[in-house]
Each structure stands twice: as structure tokens, then as C-alpha cells.
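# Examination of the molecular architecture
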Amino acid sequence: METTTRPALWPWISTLARLGLAAVWLVAGATKVGDLAESARAVHAYQLMSYDAAKVVGGIQPFLEIALGLLLLIGLSTRLTAGISAVLLLIFIAGIAWAWGKGLRIDCGCFSSGGELGAGRNTQYGLDIVRDLGFLALSGILLWRPRSRFSVDGALMGESS
């Protein structure tokens, strides 16, 4: 039996998930958008595609991350944005697992310029994957319960904040 207070918490939980994931995407995109060539080199370090393909992916990725962050920040198309976020995070997790399995020594480039690790620096693939699984959980919350406080979605649906 559910109490009346428990359903009232979900919009707040979803709000925290939405704003937390927005911050993740905005910071990740902002760290890359200033140097798209470096972003391309970070993508290429995974050795999954040609440098020309990595230039395209590295050039698009920061803008996609910022767009997802902005959509989540204002709460517009929250479920769709959470779904795209989940797919992107699964791709990132698979990429990190690939690099780990291949024995590559790279920085994932999630919140940095990425690329080959310098001497004396160790990989942190396990922590990177766990962190991204946490972000994936935030996406899952928003896929399951996209209604949140202070969102454009709510305003368009006539819901009060």
C-alpha cells in the first residue's frame, strides 16, 4: 500500500535526476567544445574508427552533449532526451570497456581532452564505467518518471510547479 507522500516525492526525485544529468552533459560538452581537434584526437584514441570519422564524431559530440544538457536543464522533451542520453552513455560504456579490453592506455575524454595517457598516469576504466552507470541510472529514472518540477514539459502540460 502506497502512502500519499511517496508519489509526491517522484517529481522531486526526477527533478534532481534531470538537473544532475543536465550538469553532467553541460560540463562534459563545455570541456570539449573549445578544442574540437583535441576532441577528435580523443575519439580517435579509442581506435574504433578512422581519423576522418573521429573528426566528425569529435566535432559533433560536444554540441550534442551541450544540447542534451540544455534540454534537460529546462525540462523539454525530458523522456526523449533521457532516452538519447541512455543510448549515448551505453556507447560510452562500451567504448571504455573496448579500450580496457584492448589494453589501451587512454583517458576516456569524458570530462577532459582525453587521448593517450602520459607516463606515470594509470587508467581508471573501472571507475569511469561505474560513474557512467550512475549517470545511466539517472537517465533510467527520467525514462521511467519523466515528470519533474520547474520544467517546460510541466508548463506545456498545465501542471503546476
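Treat the numbers as computed from the prediction; the structure is a model and nothing was measured. (Residues numbered from 1 in each chain as written. Predicted model: local features only at pLDDT ≥ 70, side-chain atom pairs only at ≥ 80, totals over all residues. Heavy atoms only, no water.)

### Focus: a nonpolar patch on the surface
On the surface, a cluster of nonpolar side chains totalling about 440 Å² of accessible area is made up of V56, I60, L64, L80 and I84. Taken together, the elements giving at least two residues each to the nonpolar patch come down to helix 3 (51–74) and helix 4 (78–102). No other element matches the 3 residues that helix 3 contributes to the nonpolar patch. (Patch = residues over 30% accessible without salt bridge, like charges linked within 9 Å, V, L, I, M, F, W, Y side chains within 5 Å. Areas by Shrake-Rupley, 256 points an atom, 1.4 Å probe, with all protein chains shown as cover. Salt bridge = Lys/Arg side-chain N within 4 Å of Asp/Glu carboxyl O. Helix = DSSP H or I, 4+ residues; strand = E, 2+ residues; numbered from the N terminus.)

### Description of the pattern of salt bridges
Tallying each qualifying case throughout the model produces 6 salt bridges. Here D52 and K55 are joined by a salt bridge, their closest N and O atoms 4.0 Å apart. Of this pair, D52 and K55 both sit in helix 3, 3 residues apart, which is roughly one turn of that helix. Since its relative accessible area comes to 43%, K55 is described here as partly exposed. With a closest N to O distance of 3.1 Å, R131 and D132 form a salt bridge. A residue is classified by how much of its surface remains accessible, and D132, at 2% relative accessible area, is buried. What you see here is one network of salt bridges that share partners, running through D128, R131 and D132. (Buried < 20%, exposed > 50% of the residue type's maximum accessible area, 1.4 Å probe, protein only.)

### Considering unusual backbone geometry
You will see that S77, though not glycine, has its phi angle at about 55°, which is positive. Following the sequence through the fold, S77 ends up in the loop between helix 3 and helix 4. In this structure, F150 is a non-glycine residue whose phi angle is positive, near 55°. When you line up the elements, F150 lands in the loop between helix 5 (125–144) and helix 6 (152–156).

### Topic: the environment of Y46
Residue position: Y46 is located in the loop between helix 2 (36–44) and helix 3. Sequence separation between Y46 and D128 is 82 residues, and the spatial gap between their C-alpha atoms is 14 Å. Ignoring sequence-local partners within four residues, the contact set of Y46 consists of G95, I96, W98, A99, L104, I106 and C108. (Contact = heavy atoms within 4.5 Å.)

### Section: the packing of aromatic side chains
Following the criterion strictly, the structure yields 5 aromatic pairs and no others. Both rings, one in W10 and one in W144, keep their centres 4.7 Å apart while their planes meet at 80°; by these two values the pair is edge-to-face. A residue pair is termed long-range when its members are at least 10 positions apart, and W10 in helix 1 (residues 5–33) and W144 in helix 5 qualify at 134 residues. Of the residues examined, W144 reaches a relative accessible area of 51% and is grouped as exposed. A cation sits over an aromatic face here: R145 above W144, 4.6 Å from the ring centre. (Phe/Tyr/Trp six-rings, centres within 6.5 Å; stacked < 30°, edge-to-face > 60°. Lys NZ or Arg CZ within 6 Å of the ring centre and 35° of its normal.)

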